[in-house]
Structure formats: C-alpha cells, structure tokens
Amino acid sequence: MGALTVFGLLSALLGQDGVWLWLAWIALAVPIATVVLFLIRPRA
Amino acid sequence: MSPRTIRVWSAVHKWTSLLCTAFLLVTCLTGLPLIFHEEIADWLQDDPPYAVLPADTPMAPLDAMVAQARAHYPDQIVTSLFVDDDEPKVIVFMAPSWTTFTRAPDSRHWLKFDARTGALIRDSAAQPPAAAFILLLFHLHADLLAGLPGALFMAAMGGLFLAALVSGVVLYAPFMRRLRFGTVRRSRSPRLRWLDIHNLLGVVALAWMMVVGFTGVINELSQPLFAVWQATDVKAMLQRWEGTAPPRAPELGSVDAAYRTAKAARPGMLVTSLIYPGSPFGTPFHYVLWAKGNTPLTSRLFSPALVDARTGQLDAVLDMPWYLRALELSRPLHFGDYGGMPLKILWGLLDLATIVVLGSGLYLWLRPARMRAGSPADEIDAPAPAVGN
C-alpha cells in the first residue's frame, strides 16, 4: 500500500501526459477504497 | 519483539502523538479548505472578466503597469511583479516602505492588470473580505499566526508527528498479530472499535501521511533555508558590489528590458516574477527575475537571473542549491495541487482520514484500556493504540 501511494504521488509529478495522471489517481484511490471496503463490510 | 521493547515504543508513540495531536488537528482542519483554495478564491472573487482577445496577443508593457500602480499609490514602493502563465494577468505588489515590508511582509498589497491590455482590473484594497479569510487560514495552517517562531514550532510538531508515525508502524505488527488485516470489531466495546479504525486508517494512509508530514516540515523551514542561500551564495556573488550605493527609485531601469534580458538568459523557460532591488527576498542592486520550466516537474523548479537595476545588463544566472531544490519539490507533494481536481479530492479524503486517526488516538487516550485496571481480556488481541496506550 505504501509503495502504491508513493508511486501515485510521483507519477503525477514526474509523468508528462494524461496516462500518468490517471495512474496517480487510481494508485491514490486504492487506500481510500480499502478503508471504505473494510468499514462497510459485514460485522467481524 | 520483547514486552519491554513494545513498552518503550508505546511510550514513544504515546508522547510524540500527545504533544503534537492538537496542533496537527489545527493543521489538518485548516489544510482541508486550503487544498481547494484556488477554487474557493475563484468562487469568491467578483473581478471583471478579461478582455476577449486573440490568443497570440502580446503582453502590454510592464513599465506602463508599474507607472499606473505608482500613480495610484505615489508614496509607496513597488516590491515585485508576478506574470501569470495560467491567466492573462500581471500583479504589481506594493508596500508602504521597505522597512515596513521587511518587518511585516503582509503589509504589501497588490494591483491586478490585464496582461494584454494593461488595464487595471482589481486593487486588493477592494477585494471581498472573504478572500482575506483564505490568507488567515493559510497563516493558521503554516505558523499559527505567529510568523517565523510559529513556523519553526510547527516544524517541530511535524517532526513529532513523523516520530509518532514511525513508532506506530513499529507497534502495528505486534498489536495486530492475532487479527486479520482491516479487522474492525464492531461487536466489541467502542474503544476496541475505535482502536481498529485507528489502526486501519493509520496503516492505509501511512505513506501519504509520511510524505505530507515530511514535506510540511521542509516547507516550514523555507524562510531559514532561503536566508542560508542569501547569506552564502548570494552574498558571495555580491562581494564585488561592496561600497556601491544601492540604486534610488529614479535610477531604476526599465522593467520590460529586464524581463526581456532574463527571458534571453533562460531560454525555454517562463519568467514569472520580478523582485525589486531592496527587497528582503532579493538583492540591493538587482532586479531578480525568477524563471521556471514548462513540464509538470520543471514548472516547480525556479531559477533566478540577476539583472543590474541601473544598467539593465545581465549580471548573473544562479543555480539553486540542493536544499532549495528539495524545498521546491516538497511544495507540490505537500499541497497536492499538481494532478487536477481528482488529486485534490483524494488529498482531501486522505486529510479527513488523518483527522480521524488523530481524533481516534485522542479518544483512545482519554478512555484508557481496561487491562490497566486489571481486566485485560477485552484488549489482549490488540494491546495499545496510537495515543491511547
């Protein structure tokens, strides 16, 4: 998760075109999606 | 990990967190609207629209805009110019005097011009009061309204935050060893539920919090870092000017000529600002013109050209030292303003996650674990939270 976040942070900064922006958005959305997934899943 | 080692790391986590939590909460709460400050400013401003002109319309003379600004405030000084590369605007910054500006940089005000027509669009003295609220939020976020001492204090709080994150990582594995990743025990006590949420959000947003925390610390040190550069590289460059009197206002050469000289000295770069001689952010003898690249990365990296303010001749093209390059690179990674609106929204969500981590840590500290009172059963799976142990 950490590596994915760092990749997302850097890809938008270092990337030259839209593909890198999309990769950044997806990579940084993964932690948010993970939290939502575990918070809404059925009772543990 | 031995129980003693866990106790030591728990103490580090507890005290580093406790000392910085209140200030980090202020930072996160004020940072949330600041992520969207450009959108909020656009929404609040009621400036007249720019003139509709062909895209290749050349820029109006900067000297004429400066003359207009001086005519509006004849007793004041021009401190700097900003030439926007996003919008067709030029901002002329003014202040009552260099003494006042050096003592209180917020004493400066600005006049906004249409870059193609040279027409005055807005005087900051007439801006909506709500716009000043963003500036207030920024200072609360960056220095608690206390200037440099506040910024250094916040840098120290950022350092404690980083220590809390590292100690939290060290503690995460032993504390979660009997639980599956992401477990939130909703059927147990509220304390355990918040402990699990604290651990989940903390570990998932860890890398983002580390990067934003570390770059925040670097940003807080921007003033001292810039002062070091002025006291070393710039001072060495200015040695041959010793004994020379700084230029008086009537001696200052053309701003347009200085702008053209800097553009020629920095080919392929955009010259976006000009600092007047006498500014604490410049030198006593030069127009300092800052140029930047035009790729996502190089647009964050600024390089100065020094133009003799009397003669208009190029005097030096300086390379920035590594610590100021690090500062420049840390800015986008702290502000989250380099990847469009989706990145800003993700930044906001991760900021909210950090607020929950801080708030839950505080809650866990205020409601100590029952195991301390001799009833360990409920907490044994996950002995200690962030600030709550």
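Our subject is the structure that appears above.
About the thresholds
Residues numbered from 1 in each chain as written. Chains lettered and ligands numbered in written order. Predicted model: local features only at pLDDT ≥ 70, side-chain atom pairs only at ≥ 80, totals over all residues. Heavy atoms only, no water. Salt bridge = Lys/Arg side-chain N within 4 Å of Asp/Glu carboxyl O. Helix = DSSP H or I, 4+ residues; strand = E, 2+ residues; numbered from the N terminus. Buried < 20%, exposed > 50% of the residue type's maximum accessible area, 1.4 Å probe, protein only. Pairing = 2+ DSSP bridges. Contact = heavy atoms within 4.5 Å. Buried area = accessible area lost by both parts, 1.4 Å probe. Polar contact = N/O pair within 3.5 Å; in protein donor to acceptor, adjacent residues only side chain to side chain. Nonpolar A, V, L, I, M, F, W, Y, C, P; charged D, E, K, R; others polar. Axes fitted to C-alpha atoms, helices over the stretch in contact; angles between N-to-C directions. Parallel < 35°, antiparallel > 145°, perpendicular 65-115°, else oblique. Left-handed = near helix turned anticlockwise from the far one by under 90°. Core = buried A, V, L, I, M, F, W, Y, C linked by side-chain atoms within 4.5 Å. Expected span 1.5 Å × (residues − 1). Bend = angle between axes of the 7 residues up to and from the residue.

Thoughts on the pattern of salt bridges
All names here are of chain B. A complete count under the given rule lists 13 salt bridges over all chains for this structure. Across the pair Lys344 and Glu39 runs a salt bridge, and its minimum N-O distance is 3.0 Å. Placement of Lys344 in helix H12 (residues 340–366) and of Glu39 in helix H2 (residues 37–44) is noted, with a sequence separation of 305 residues between them. The class of Glu39 is partly exposed, set by a relative accessible area of 31%. Of the charged contacts, one joins Glu251 and Arg248 as a salt bridge, the two residues approaching to 3.7 Å between their closest N and O atoms. Here the salt bridges do not stand alone but share partners, grouping Glu38, Glu39 and Lys344 into one network.

Details of the pairing of strand E5 (residues 270–275) of chain B
Residues and elements named next belong to chain B. Summarising burial for E5: five of the six residues are buried, a large majority. The pairing of strand E1 (residues 77–83) with E5 spans three bridges and is classified as antiparallel. Looking at E5, one finds that Phe82 is bridged to Ser273. One ladder, built from five bridges, connects E5 with strand E6 (residues 286–292); its direction is antiparallel. The residue bridging Ile275 from the neighbouring strand is Val288, located in E6.

Focus on the interface of chain B and chain A
Size of an interface: often given as the accessible area lost when the parts come together. At the interface, 27 residues of chain B touch 25 residues of chain A. Interface of chain B and chain A: buried area, both sides summed, is about 2,400 Å²; carbon and sulfur atoms make up 75% of it. A per-residue breakdown of the area chain B buries against chain A is headed by Arg186(B), Val204(B) and Tyr338(B), which together make up 25% of the total. Inspection of the chain B/chain A interface yields zero salt bridges. If you look at where chain B meets chain A, you find five residue pairs in polar contact (both at pLDDT 80 or more). When contributions to the side of chain B that touches chain A are tallied by element, the ones reaching two or more residues are helix H7 (190–204), helix H8 (206–220), helix H11 (322–335) and H12 of chain B. It is H12(B) that contributes the most residues to the side of chain B that touches chain A, six residues altogether. When grouped by side-chain class, the residues that make up the side of chain B that touches chain A number 20 nonpolar, five polar and two charged.

Concerning the packing of H2(B) against helix H5 (residues 129–143) of chain B
All names here are of chain B. Where H2 contacts H5, the axes come no closer than 9 Å and their chain directions differ by 165°. Here H2 lies roughly antiparallel to H5, going by the angle between them. Note that H2 runs across H5; the crossing there is left-handed. In this structure, H2 uses His37, Ile40, Ala41 and Leu44 to contact H5, whose residues at the interface are Ala130, Ala131 and Ile134. When grouped by side-chain class, the residues that make up the contact of H2 with H5 number six nonpolar, one polar and no charged.

Notes on the nonpolar core
Side chains of a nonpolar character, in soluble globular proteins, are inclined to be buried together. Among the nonpolar cores identified, the biggest contains 31 residues, and Leu9(A), Phe161(B), Trp208(B), Tyr338(B) and Trp347(B) are the most heavily contacted of them. Mapped onto this core, the elements with two or more residues apiece are helix H1 (2–14) and helix H2 (18–40) of chain A together with helix H1 (3–35), helix H6 (147–175), H8 and H12 of chain B. At six residues, the largest contribution of residues to this core is made by H12(B). Ignoring any residue separated from it by four or fewer positions in sequence, one finds Tyr338(B) in contact with Leu9(A), Ala12(A), Leu13(A), Leu21(A), Arg300(B), Pro332(B), Leu333(B), Leu343(B) and Trp347(B). Ranked by size, the runner-up nonpolar core spans 28 residues in total, among them Val66(B), Tyr276(B), Ala305(B) and Ala309(B).

What to know about helix H9 (residues 222–237) of chain B
All names here are of chain B. In a regular helix each residue adds 1.5 Å, so 16 residues correspond to 22 Å; H9 covers 21 Å between its end C-alpha atoms and thus fits that length. Largest kink in H9: about 30°, centred on Gln230. For H9, every residue scored as buried is listed here: Leu225, Phe226, Trp229, Val234 and Met237. In this structure, the buried side of H9 is in contact with H8, E6, strand E7 (302–308), strand E8 (314–317) and H11.

Purely geometric stuff here, so don't read any function into it on its own.
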